[in-house]
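Each chain, letter by letter, is given below.
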Amino acid sequence: MQLLLEHSSALRNSKCISPEILLQLISDTHKIKVHPVVQATPLVNSAGLCIGTSQSALWLPLDMLLEDAMDGSQVNATSAIEIITGLVKSLQAIHITSWHAIFLGLWMAALRLVQRERDPIEGPVPRLDTRLSMLLSITTLVVADLVEEEESVAVDEFEYGLEIKHRISGKRRMDLIFSLQNLHEYQSLLTPPQSVISAANQAASKAMMFISGINVGTAYFDSISTMDMPIDCSGTLHHLIVESCIARNLLDSSAYLWPGYVNGHINQLPHNVPTEVPGWSSFLKGASLTPAMINALVSTPASSFAEIEKVFEIACKGSNDERIAGATILCGASLIRGWNIQEHTVYFITRLLSPPVLADYSENESHLISYAPMLNVLLVGIAPVDCVQIFSLHGLVPELAGSLMTICQVFGSCVPNISWTLTTGEEISAHAVFSNAFALLLKLWRFNHPPVEYGVGDVPPVGSQLTPEYLLLVRNSHLISSENSLKDPNRRRLARVACSSSSKPIFVDSFPKLKVWYRQHLACIASPLTGLVNGTPVHHTVDALLNMMFRKINRGNQSVANVASGSSNSSRLGSEEGYLRPKLPAWDILEAVPFVADAALTACAHGRLSPRELCTGLKDLADYLPATLATIVSYFSAEVTRGVWKSVFMNGTDWPSPAANLSSVEEQIKKILAATGVDVPSLAAGVSSPAALPLPLAAFVSLTITYKLDKASQRFLDLAGPALETLAAGCPWPCMPIVASLWTQKAKRWSDFLVFSASRTVFLHSNDAVVQLLRSCFSATLGLNTSCCISSNGGIGALLGHGFGSHFNGGISPVAPGILYLRVYRSIRDVMFLREEIVSLLMQTVEDIVCLKPKKSKYGHASFAAALTEVKVAASLGASVVFLTGGLGLVQSLFKETLPSWFMSIHRSEKEGNRGGILPMLRGYALAYLAALCGAFIWGIDSSLSAASKRRPKILGCHMEFLASALDGKISVGCDPATWHAYVSGFLSLMVRCTPTWILELNVELLTRLCKGLRQWNENELALALLGVGGHGTMGSAAEMIIETEF
């Protein structure tokens, strides 16, 4: 090009363009005027929990995503690492900010997540352990993957694909270091919760010893408390974050030398320290697994990969007792608090759930039978809610599901005539192993949700894809990723786990017994129960189970089964045989359970069984095979939604009564919802007569109340609890408050959780309440509501609050609207109505920013830049809601239907006349920002192999066709011309500056039409930039435009 400029006579003689102008156009120094909507937004004032609507509030999508991941009602089939990484890249690109700023924003969002629930409420929900894992494991892995991504590209470019041993340090690594150094300035966020003070102090003392020149190993920390140190070693979450980064080679020990990282030096070590105590150091040196050693390793997290790997090898190759010990250690503190090696711990546990066939194994039965004691320890160890959520965060739910299906298939087919004795003396059977595996498997998808969620018109519900088939499909995709040798570090980790269990794809057809049960489960949801034929094996099993459940009932000459079923054709069992528990495989029992539950419920409805006898019989069935609780849940859920059962009075005689605290629950619900402006339906109407519940719901809640709140029952209550909540929430008001009242009497320490669950139900019965809740979210975030009970300053603190519960401020306090919405939206059955509502709320918020904010200003007016910043915050909130609530489907509908419809409609506002052109312009910018963020969150900003990004060209192409047609005059636009101009120029500017990959996927002819429309508005530079990003296909059009416009 330089030679052309110097020697081309045609160019020198051109009347359209001179060599100097062309040189300026092609040089790096030529800068296109930056559109206001794509101005860089530096990160400021990020530390506070209640930060107001400064530019730092633009990072609220991170806070919302992290908080959303804490909802234990549903696990995710996609790794949180992958989701957060994509969001971080999108925010960094859209805000045009440095990696230092985005890393600092990510760390602070994760710290706010921990500080938000320092003392979380008790209940079957993820607690502080999951939040700490998000901060110290998941967030660190996200940062590590981003750093590795840049440095691996640099290596490939430098070495032309040759493998080298040393990485090239990139800019992201340096920005990470700067962000961690800056993090030390925000002490209010770094105060460790009570449960991790010891770990933080140990991290600080480790650094202090390093800078003091004292070299000690991990054995020293196994034998000493930080209280014994001769100097104060008070640590913070900053020390734990740095240790997590060092463990993953993001930093080295030079971080200990940062100014202010530690206080003082140590001159000498404390005396009288034991030379050898049971712990990880002595274990690594070869100490045997004595009971004292096992206890020490269970209660203390491993600090290195070598330590946890040795445990895994023992669990794989050791004796039966060593296998049990290894499994117990892996499911101990290393899983919950081993943040530096957590990804390896969950990987090893998943591998152990699919143990290899030993070389000398020659039995006809599955090799898994010989691993039964170890498998049971693993299944019980990872059953708590926090553990399941940790597996979900690491993206191992699909692999976990595949392993559990295999275990269920094997042990569910076994006759329970063999048992195993654990080292604790506990005896387990095939039924116990199956029940533990089956209960855990069912937590991995929304099996317990009402049948209406399986389809609402033409709109599939969010989350209905989370089925066994879908989980296996995701698991199999990890195998394909392995074959393609993807460069994504997270994909490589998941592929390694998938290949370790089975290198071949697996499908539901691989598990015939599970498939039969699953089909019966779906059939039970779809239609009333039918298909029991006299004389069949299933019929005999039904009789046997009914006799076992109601053996103590005396009804004269009738058999127990006849009493329950009301049939004279039921087979008559001998009295002694009826008292014995049938020795049947678990799958055979599960097949009969729906018919058993139907017979028992029918008998109770017709007075042949009392409520107490019904609940006692169901509890006996669940005690016999705990996995039957899942099928009972399935049957009761389906029957309640059919509405064919009469309601029963919870009068305290036949059924338990909620009267003792129902009014108290109502008052607490009103307090929780005080910040939303939503009216709570009164419960006082039921005072004159006892509260009532549909019979299946009354039976179910009465059954769950019979369980003890101990560790053995907890894993099954964790399965039944969400099902009960979903079931009660789907029934008319006030069913859920009644259930909450009954359970509060049972478990007073769960009262805050139960009342909060009941308060969420208010939004499930009214779309208007959901819209009001979202309006409260926008108002709180922008500080537009002076009557807000949470905060009038706006920002992330006002949106998500600081936790809640009766331990705050001496009683139940209002819950931040953002928390309420994040805990409600998964139960909204048709989220598509939110498309128009989000756009409408965003437009109303923009109007409030322009018209209301200046009244609060000291000078009586607000600058355009300040108003635009707040508009971006509002759009970020709207995009976050769309992204989290509806995913790809909602975003697709937004681009193809909602936005075109809005622009073609006429919108009037009484306030527009007093504000000139600023309000219509800001509306256009808000919609441009909303669209760009929604697309970036769902599709990503670059080329990737995700299913969503593959649909990007089609959806975006449809939207660009609408824009081009409107610019061509083929479509009439009804909105304000200034709004339309601001949207088109703003959205295209964002694409040019932030997501150029999107433009490369568009049709050249379409880009040319867009540029012609922009030139009609004299947006020549933007039009040229659009063509410049369009690739080789648009070079001709760009050259023509340069000549025609005489740049």
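Residues numbered from 1 in each chain as written. Predicted model: local features only at pLDDT ≥ 70, side-chain atom pairs only at ≥ 80, totals over all residues. Heavy atoms only, no water.

Section: the overall build of the chain
Then step 1. Broken down by element type, the chain carries 50 helices and four strands.
Then step 2. Within the chain, the fraction of its 1047 residues that count as buried is 57%.
Then step 3. A separation threshold of at least 6 residues defines the contact pool for the chain, and within that pool the share at least 24 residues apart is 78%.
Then step 4. When the accessible surface of the chain is split by element, carbon and sulfur atoms take 53% of a total near 41900 Å². (Helix = DSSP H or I, 4+ residues; strand = E, 2+ residues; numbered from the N terminus. Buried < 20%, exposed > 50% of the residue type's maximum accessible area, 1.4 Å probe, protein only. Contact = heavy atoms within 4.5 Å. Areas by Shrake-Rupley, 256 points an atom, 1.4 Å probe, with all protein chains shown as cover.)

Details of the pattern of salt bridges
Then step 1. Counted according to the given criterion, the structure contains 28 salt bridges.
Then step 2. One salt bridge in this structure joins E67 and R116, with 2.7 Å as the shortest N-O distance. Residue E67 is found in helix 4 (residues 60-68), and its partner R116 is found in helix 6 (residues 99-116); the two are separated by 49 residues along the sequence. Across the pair, exposure class does not vary: E67 and R116 are buried alike.
Then step 3. The residue R760 makes a salt bridge to E725 at a minimum N-O spacing of 2.0 Å. Within this pair, whereas R760 is found in helix 36 (residues 751-764), its partner E725 is found in helix 34 (residues 711-729), the two being separated by 35 residues in sequence. (Salt bridge = Lys/Arg side-chain N within 4 Å of Asp/Glu carboxyl O.)

Some points on the packing of helix 15 (residues 305-317) against helix 18 (residues 342-352)
Then step 1. Running from amino to carboxyl end, helix 15 crosses helix 18 at an angle of 10°, the nearest separation of the two axes being 10 Å. Judged by the inter-axis angle, helix 15 sits roughly parallel to helix 18. Contact residues: helix 15 offers F305, I308, E309, F312, A315 and C316, while helix 18 offers H344, T345, F348, R351 and L352.
Then step 2. When the residues that make up the contact of helix 15 with helix 18 are grouped by side-chain class, the tally is seven nonpolar, two polar and two charged. (Axes fitted to C-alpha atoms, helices over the stretch in contact; angles between N-to-C directions. Parallel < 35°, antiparallel > 145°, perpendicular 65-115°, else oblique. Nonpolar A, V, L, I, M, F, W, Y, C, P; charged D, E, K, R; others polar.)

What about unusual backbone geometry?
Then step 1. Cis geometry marks the peptide bond from W733 to P734; its omega dihedral reads 10°.
Then step 2. Position of P734 among the secondary structure elements: in the loop between helix 34 and helix 35 (735-746).
Then step 3. Positive phi, normally seen in glycine, also occurs at I96, with a value near 50°.
Then step 4. Relative to the helices and strands, I96 is located in the loop between helix 5 (80-94) and helix 6.

Points about the packing of aromatic side chains
Then step 1. Considering all chains together, one arrives at 28 aromatic pairs under this definition.
Then step 2. Aromatic pair F903 and Y983: ring centres 4.6 Å apart, planes at 45°, arrangement tilted. With F903 in helix 42 (residues 864-904) and Y983 in helix 46 (residues 977-994), this pair connects stretches of sequence that are 80 residues apart. Each member of the pair F903 and Y983 is classed as buried.
Then step 3. Summarising the aromatic geometry, the rings of Y983 and F987 are spaced 5.8 Å apart at their centres and angled 5° between planes, so their arrangement reads as stacked. Linking Y983 with F987, this pair stays in helix 46, spanning four residues, or about one helical turn.
Then step 4. Owing to a relative accessible area of 0%, Y983 belongs among the buried residues under this scheme. (Phe/Tyr/Trp six-rings, centres within 6.5 Å; stacked < 30°, edge-to-face > 60°.)

Notes on the environment of V538
Then step 1. Tracing the sequence through the fold places V538 in helix 26 (residues 537-549).
Then step 2. When the C-alpha positions of V538 and D588 are compared, they lie 7.4 Å apart, and in sequence the two are 50 residues distant.
Then step 3. The residues contacting V538, other than those within four sequence positions of it, are L532, E591, A592 and F595.

Concerning the nonpolar core
Then step 1. In this structure, F411, F438, Y983 and F987 are the most contacted members of the largest nonpolar core, which totals 347 residues.
Then step 2. With 19 residues, helix 42 is the largest single contributor of residues to this core.
Then step 3. Sequence-distant contacts of F438, that is, excluding residues within four places in its chain, are made with C408, L514, W517, W587, L590, A627 and A630. (Core = buried A, V, L, I, M, F, W, Y, C linked by side-chain atoms within 4.5 Å.)

A few points about helix 48 (residues 1004-1016)
Then step 1. With 13 residues, helix 48 extends 19 Å from end C-alpha to end C-alpha; this agrees with the ideal 18 Å at 1.5 Å per step.
Then step 2. Along helix 48, the residues classified as buried are L1006, L1007, T1008, R1009, L1010, C1011, G1013 and L1014.
Then step 3. Where helix 48 starts, the residue carrying a side-chain oxygen 2.7 Å from the main-chain nitrogen of E1005 turns out to be N1003.
Then step 4. Count one or two residues on from helix 48 and you reach N1018, which has phi positive near 65°. (Expected span 1.5 Å × (residues − 1). Polar contact = N/O pair within 3.5 Å; in protein donor to acceptor, adjacent residues only side chain to side chain.)

Comments concerning helix 39 (residues 817-824)
Residues spaced three or four apart along an α-helix point in a common direction, a consequence of the helix completing one turn every 3.6 residues.
Then step 1. The element helix 39 is largely enclosed, with a buried count of eight among its eight residues.
Then step 2. Taken together, the buried positions of helix 39 are P817, G818, I819, L820, Y821, L822, R823 and V824.

Some thoughts on the environment of A439
Then step 1. Inspection of the secondary structure assignment puts A439 in helix 22 (residues 430-442).
Then step 2. The buried category is assigned to A439, whose relative accessible area is 4%.
Then step 3. Expressed as a C-alpha distance, the spacing of A439 and F716, which sit 277 residues apart in the sequence, is 6.7 Å.
Then step 4. Contact partners of A439, with chain neighbours within four places excluded, come to F716 and L719.

Observations concerning the confidence of the model for the chain
Then step 1. With 81% of its residues at a pLDDT of at least 70, the chain reaches an overall mean of 82.
Then step 2. Counting interchain partners and residues more than four positions distant, the pLDDT-below-50 stretch residues 158-166 has five contacts.
Then step 3. Scored below 50 in pLDDT, residues 450-464 shows 30 contacts in the model against residues more than four places distant or in partner chains. (pLDDT = per-residue confidence, 0-100.)

Side note on the packing of helix 46 against helix 49 (residues 1020-1029)
Then step 1. The N-to-C vectors of helix 46 and helix 49 enclose an angle of 40°; their axes lie 10 Å apart at closest approach. Crossing of helix 46 over helix 49 shows left-handed handedness. Counted together, S985, L988, S989 and V992 of helix 46 and L1022, A1025, L1026 and V1029 of helix 49 form the full contact between these two elements. (Left-handed = near helix turned anticlockwise from the far one by under 90°.)

A closer look at the side chain of E343
Then step 1. By secondary structure assignment, the location of E343 is in helix 18.
Then step 2. Among the residues examined, E343 registers a relative accessible area of 11% and is labelled buried.
Then step 3. Polar contacts involving the side chain of E343 include one to the side chain of R248, which spans 2.8 Å.
Then step 4. In contact with E343, not counting residues within four places along its chain, are S137, L141, R248 and H394.

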